[in-house]
Amino acid sequence: MNFSSKLIEEAVQAFASLPGIGKKTALRLVLHLVNQPTEQVEQFAEALTRMRQRIQFCETCHNLSDTPLCTICANPHRDRSVVCVVESIRDVMAIEDTAQYRGLYHVLGGIISPIEGIGPGDLNIDTLVQRVQQGEIREIIMAVNPTIEGDTTIFYLSKKLKDFDVKVSTIARGVAFGGELEYADELTLGRSIVARVPYQTGEGLRGREEF
Amino acid sequence: MHLTQLKLTNFKNYVWQEIACSPQINCFLGLNGMGKTNLLDAVYYACMTRSHTGVTDVHVVRHGADFFRIEAHFQIEGKSEKVVAKVIPRKSKVFECNELVYNKLSDHIGAFPVVMIAPGDTEMVTDGSEVRRRFLDNTLSQIDRSYLNALLLYNKVLQQRNAALKQFAEQRQFNAGLLEVYNAQLIAPGTLIADKRRAFADTFGEVLQQVYATISGGHEVVDSQYESKLNDRPLAALLAEATEKDRLLQRTTVGIHRDDLALTLDGRSVKQFASQGQLKSLVLALKLAQYEMLRREKNMRPLLLLDDIFDKLDKNRVQQLLELLLQQSFGQIFITDTDEQRVREILSKLDTPFHLYHVEAGVATLAHTA
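Residues numbered from 1 in each chain as written. Chains lettered and ligands numbered in written order. Predicted model: local features only at pLDDT ≥ 70, side-chain atom pairs only at ≥ 80, totals over all residues. Heavy atoms only, no water.

## What to know about the overall build of chain B
Okay, step 1: Looking only at helices and strands, chain B has 11 helices and 15 strands in total.
Okay, step 2: Taken over C-alpha atoms, the radius of gyration comes to 22 Å for chain B, in line with the 21 Å a tight globule of 370 residues would show.
Okay, step 3: Oriented by its inertia axes, the alpha-carbon framework of chain B measures out at about 70 × 50 × 35 Å.
Okay, step 4: The buried share of chain B, taken over its 370 residues, is 53%.
Okay, step 5: Summed over its atoms, the accessible surface of chain B is roughly 16600 Å², and 48% of this surface lies on carbon and sulfur atoms.
Okay, step 6: Side-chain charges in chain B split into 44 positive and 44 negative, and the spacing between the mean points of these groups amounts to 5 Å. (Helix = DSSP H or I, 4+ residues; strand = E, 2+ residues; numbered from the N terminus. Rg over C-alpha atoms; globule rule 2.2 N^0.38 Å. Buried < 20%, exposed > 50% of the residue type's maximum accessible area, 1.4 Å probe, protein only. Areas by Shrake-Rupley, 256 points an atom, 1.4 Å probe, with all protein chains shown as cover. Lys, Arg positive; Asp, Glu negative; His and termini not counted. Charge placed at Lys NZ, Arg CZ, Asp CG, Glu CD.)

Written out as structure tokens, the structure reads:
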């Protein structure tokens with residue numbers, strides 16, 4: 001692409017360095033900013049710089065946070081006896097979006113995979129053990145992706161926690177909601193049959209919020 | 001089961017090729033390096049989702065092209081099945097059966113059983129245990145889906161375990177807990193694989209003996225024994241005992257990835273004592289026994305791909321072999337050879353429908369049908 005302006009070219013390159021954004025989209029965004037009032041663009045740039053400079057990881061759960069303690073950990077209404085262990089911050093957001101969980105989180109920052117050079121020492125495992133040691137936690141929910149590496153991580157954590165008086169559970173794995181049995185893969189369907197749950201009256205009926 | 005039609009695009013040295021197949025014998029004739037074996041490999045690829053030579057897809061695509069495609073039409077008990085492979089090396093690999101895309105390539109394996117007999121097969125007798133494990137895996141994967149799944153799982157966990165052992169050495173620390181986790185993950189698939197290999201080897205030994213006696217006319221007793229440390233002790237104990245050794249050598253030293261299928265002739269090791277003639281017969285017997293095992297288990301006749309069969313047997317023996325195959329109403333056979341005269345002579349005596357193709361520099365032309 002040929003640019004009449006070096007300034008435009010630099011801005012386009014900056015946008016294009018972001019994931020999922022190509023040269024043409026970058027140019028469209030830059031030309032849009034050119035037509036905006038200067039003030040507004042300054043605010044935009046400042047929001048980014050401020051975010052990058054001030055963002056930190058929660059010292060308890062390693063979630064993203066503005067303060068040393070994140071809003072979830074600081075919230076007095078959340079259930080402190082349950083901790084949900086997840087791989088990344090995106091998983092925290094996904095679970096928060098369900099509005100079904102009122103406990104706390106612990107972000108591992110990855111998953112055990114020596115092939116990728118990630119060993120247990122590279123993850124936030126020691127801090128989890130310390131949290132459990134403090135004695136307030138009654139249940140740990142493992143919400144880790146159902147892969148071989150995920151199994152390794154869950155197994156490893158449960159070994160680390162076996163001497164503490166804490167219940168370890170994993171999220172259920174099975175047929176997707178709104179899915180059809182016929183199209184579920186063998187492994188998933190097999191697991192859901194083996195790990196079936198007792199039926200509770202009305203449980204299968206869809207709640208109003210799902211319509 | 002038989003293949004009715006094969007269409008290739010950019011597969012090895014073929015730009016575009018269409019082959020109409022005879023349900024019985026198909027011959028590809030031509031000079032060396034013209035692409036006869038590549039046609040067999042295309043059939044193998046359509047059945048097994050990879051090349052028989054074990055090369056990666058980068059070497060399967062025609063030089064200079066960025067994708068290749070294989071379309072294979074099969075007939076199974078009067079029903080037609082269409083298999084399509086679309087591969088862009090390093091980017092995407094899609095297998096379809098009747099327009100439905102497989103989620104996992106492994107779901108395709110076993111649906112269209114195939115046996116290939118190639119000149120390189122002698123390594124099954126002369127080389128290390130890896131070749132014979134691959135033979136076991138190839139056969140059992142086509143027969144048993146749970147075996148293939150267990151094998152894929154085992155190999156992934158094994159890779160992680162070995163990588164962890166390397167990492168321990170590099171970082172000068174040792175995490176016994178992590179190793180125990182990997183051990184626990186290996187036990188279920190590893191034990192299942194050992195059990196299935198053991199059961200298979202029992203039946204396979206008998207079949208091998210029968211086939212060997214038929215094709216060699218010899219009176220030697222040939223036997224195959226499944227050799228594994230898991231025969232004596234459970235995998236859990238073996239892994240636990242090997243911890244220190246694994247730590248030093250930075251790899252997993254026990255497990256089903258160390259098994260062997262030991263072949264003996266009159267109770268003596270084949271590798272050391274067999275003559276050249278015995279070796280050739282044995283190698284052929286191994287593959288025909290594999291064919292027989294697949295036929296029994298799948299309840300249909302696999303495709304038989306004979307690459308350069310005259311390398312192993314003289315003309316009379318080949319004729320005997322083909323007669324034997326046809327008598328037992330073997331399924332469809334694909335043959336490659338350099339000598340047209342020789343093949344025509346044999347075919348004229350057999351009284352079987354066949355298609356004869358001339359192969360020259362990546363183009364196959366139908367020369368004769370009967």
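Past the structure itself, the notes keep going.
## Focus: the domain arrangement of chain A
When the parts of a complex come together, some accessible area is lost, and that lost area is often taken as the interface size.
Okay, step 1: We note that the domain assignment places domain 1 (6-54) and domain 2 (78-198) within chain A.
Okay, step 2: Just the C-alpha atoms count here: the centres of domain 1 of chain A and domain 2 of chain A sit 37 Å apart. (Domains from an automatic or database assignment.)

## Description of the interface of chain B and chain A
Okay, step 1: The interface is formed by 17 residues belonging to chain B together with 16 residues belonging to chain A.
Okay, step 2: Summing both partners gives a buried area of about 1400 Å² for chain B against chain A, and 62% of it is carried by carbon and sulfur.
Okay, step 3: When the buried surface of chain B facing chain A is broken down by residue, Gln160, Gln167 and Val181 of chain B rank first, second and third, together holding 35% of it.
Okay, step 4: Note that lysine 159 of chain A is salt-bridged to glutamate 180 of chain B, the shortest N-O span being 2.6 Å.
Okay, step 5: In this structure, the connection of chain B to chain A is made through eight residue pairs in polar contact (both at pLDDT 80 or more). (Contact = heavy atoms within 4.5 Å. Buried area = accessible area lost by both parts, 1.4 Å probe. Salt bridge = Lys/Arg side-chain N within 4 Å of Asp/Glu carboxyl O. Polar contact = N/O pair within 3.5 Å; in protein donor to acceptor, adjacent residues only side chain to side chain.)

## Focus on the packing of aromatic side chains
Residue and element names in this part refer to chain B.
Okay, step 1: This structure, assessed with the given rule, holds 11 aromatic pairs over all chains.
Okay, step 2: When the centroid spacing of 5.8 Å and the interplanar angle of 50° are considered together, the rings of phenylalanine 28 and tyrosine 357 count as tilted. In this pair, phenylalanine 28 sits in strand 3 (residues 25-29) while tyrosine 357 sits in strand 14 (residues 354-360), placing the two residues 329 residues apart along the sequence.
Okay, step 3: Ring centres of phenylalanine 74 and phenylalanine 112 lie 4.3 Å apart, and the angle between their planes is 25°; on these two criteria the pair is classed as stacked. In this pair, phenylalanine 74 sits in strand 4 (residues 68-76) while phenylalanine 112 sits in the loop between strand 7 (100-101) and strand 8 (114-117), placing the two residues 38 residues apart along the sequence. (Phe/Tyr/Trp six-rings, centres within 6.5 Å; stacked < 30°, edge-to-face > 60°.)

## Observations regarding helix 4 (residues 145-170) of chain B
Okay, step 1: Between its first and last C-alpha, helix 4 of chain B extends 38 Å over 26 residues, near the 38 Å set by a 1.5 Å rise per residue.
Okay, step 2: A positive phi of about 50° marks arginine 172 of chain B, the residue just after helix 4 of chain B. (Expected span 1.5 Å × (residues − 1).)

## Thoughts on the layout of surface pockets
Okay, step 1: By volume, the largest pocket amounts to about 1600 Å³.
Okay, step 2: Around the largest pocket, the lining is made up of 42 residues, and of these Asp185, Leu187 and Thr188 of chain A together with Lys104 and Asn149 of chain B lie nearest the centre.
Okay, step 3: Listed by contribution, the elements that provide at least two residues to the lining of the largest pocket are helix 7 (148-161) and helix 8 (186-194) of chain A together with strand 7, helix 4 and helix 5 (176-216) of chain B.
Okay, step 4: In terms of residue count, helix 4 of chain B provides more of the lining of the largest pocket than any other element does, eight residues in total. (1 Å grid on protein atoms, 1.4 Å probe; cavity = no way out; pocket = protein on both sides within 12 Å on 5 of 7 lines; lining within 4 Å. Points joined across faces, edges and corners; volume = space filled by probe spheres on them.)

## Details of the sheet that holds strand 10 (residues 260-265) of chain B
All names here are of chain B.
Okay, step 1: Taken together, three strands build an open sheet; the order of strands is 9-10-11 and the sheet is antiparallel. The open sheet terminates on both sides in strands that have one partner only, identified here as strand 9 (222-227) and strand 11 (268-269).
Okay, step 2: Two strands pair when backbone bridges link them, and strand 9 and strand 10 are joined in this way by six bridges, in the antiparallel orientation. Following the sheet pairing, glutamate 227 is matched in strand 10 by aspartate 260.
Okay, step 3: Running over the sheet, helix 5 touches strand 9 and strand 10 and is turned about 170° from strand 9. (Pairing = 2+ DSSP bridges. Axes fitted to C-alpha atoms, helices over the stretch in contact; angles between N-to-C directions.)

## Observations concerning the packing of helix 4 of chain B against helix 5 of chain B
Residue and element names in this part refer to chain B.
Okay, step 1: At their nearest, the axes of helix 4 and helix 5 sit 9 Å apart, and the two run at 150° to each other. In the crossing of helix 4 with helix 5, the sense of the turn from one axis to the other is left-handed.
Okay, step 2: Of the residues assigned to the contact of helix 4 with helix 5, the class counts are 17 nonpolar, five polar and three charged. (Left-handed = near helix turned anticlockwise from the far one by under 90°. Nonpolar A, V, L, I, M, F, W, Y, C, P; charged D, E, K, R; others polar.)

## A few points about a nonpolar patch on the surface
Residues and elements named next belong to chain A.
Okay, step 1: A surface patch of nonpolar side chains, amounting to about 290 Å² of accessible area, comprises Phe44, Leu48 and Met51.
Okay, step 2: Within the secondary structure, leucine 48 is located in helix 3 (residues 38-54).
Okay, step 3: On the basis of relative accessible area, leucine 48 is assigned to the partly exposed category, the value being 46%. (Patch = residues over 30% accessible without salt bridge, like charges linked within 9 Å, V, L, I, M, F, W, Y side chains within 5 Å.)

## Observations regarding the sheet that holds strand 12 (residues 303-306) of chain B
Residue and element names in this part refer to chain B.
Okay, step 1: Read across the sheet, six strands follow the order 8-12-13-3-14-15 without closing on themselves; strand pairing throughout is mixed. Two strands close off the open sheet at either side, each with one partner strand: strand 8 and strand 15 (363-369). Averaged over all pairs of adjacent strands, the angle between strand axes in this sheet comes to 20°, irrespective of strand direction.
Okay, step 2: Two elements, strand 3 and strand 13 (residues 333-337), share five bridges in a ladder whose sense is parallel. Across the sheet, residue phenylalanine 28 finds its bridge partner in strand 13, namely threonine 336.

## Overview of the pattern of salt bridges
It is possible for side chains bearing opposite charge to pair when their charged atoms get close.
Residue and element names in this part refer to chain B.
Okay, step 1: Per the stated rule, a full pass over the model turns up 26 salt bridges over all chains.
Okay, step 2: Residue arginine 296 is joined to glutamate 292 by a salt bridge in which the shortest nitrogen-to-oxygen separation is 3.2 Å. Taken together, the residues arginine 296 and glutamate 292, both in helix 9 (residues 276-298) and four residues apart, mark about one turn of the helix.
Okay, step 3: Arginine 296 sits in the partly exposed class, given a relative accessible area of 41%.
Okay, step 4: A residue is classified by how much of its surface remains accessible, and glutamate 292, at 14% relative accessible area, is buried.
Okay, step 5: Each of Lys7, Arg69 and Glu71 takes part in one network of salt bridges that share partners.

## Some words on the packing of helix 1 (residues 6-16) of chain A against helix 2 (residues 23-34) of chain A
Residue and element names in this part refer to chain A.
Okay, step 1: As a packed pair, helix 1 and helix 2 sit with axes 8 Å apart at the nearest point and diverge in direction by 125°. In this view, helix 1 runs oblique relative to helix 2, as classed from their interaxial angle. Judged by the sense of rotation from one axis to the other, the crossing of helix 1 with helix 2 is right-handed. Contacts from Ile8, Ala11, Val12, Phe15 and Ala16 in helix 1 reach Lys23, Ala26, Leu27, Leu29, Val30, Leu33 and Val34 in helix 2.
Okay, step 2: Residue classes in the contact of helix 1 with helix 2 are distributed as 11 nonpolar, no polar and one charged. (Parallel < 35°, antiparallel > 145°, perpendicular 65-115°, else oblique.)

## A few points about the state of the cysteines
All names here are of chain A.
Okay, step 1: What the rule picks out here adds up to zero disulfides over all chains.
Okay, step 2: Residue cysteine 73 stays outside any disulfide, its sulfur separated by 3.6 Å from that of cysteine 61, the closest cysteine.
Okay, step 3: Cysteine cysteine 84 shares no disulfide, and the gap to the nearest cysteine sulfur, in cysteine 61, comes to 11 Å.
Okay, step 4: The class for cysteine 84 is buried, based on a relative accessible area of 4%. (Disulfide = S-S within 2.5 Å.)

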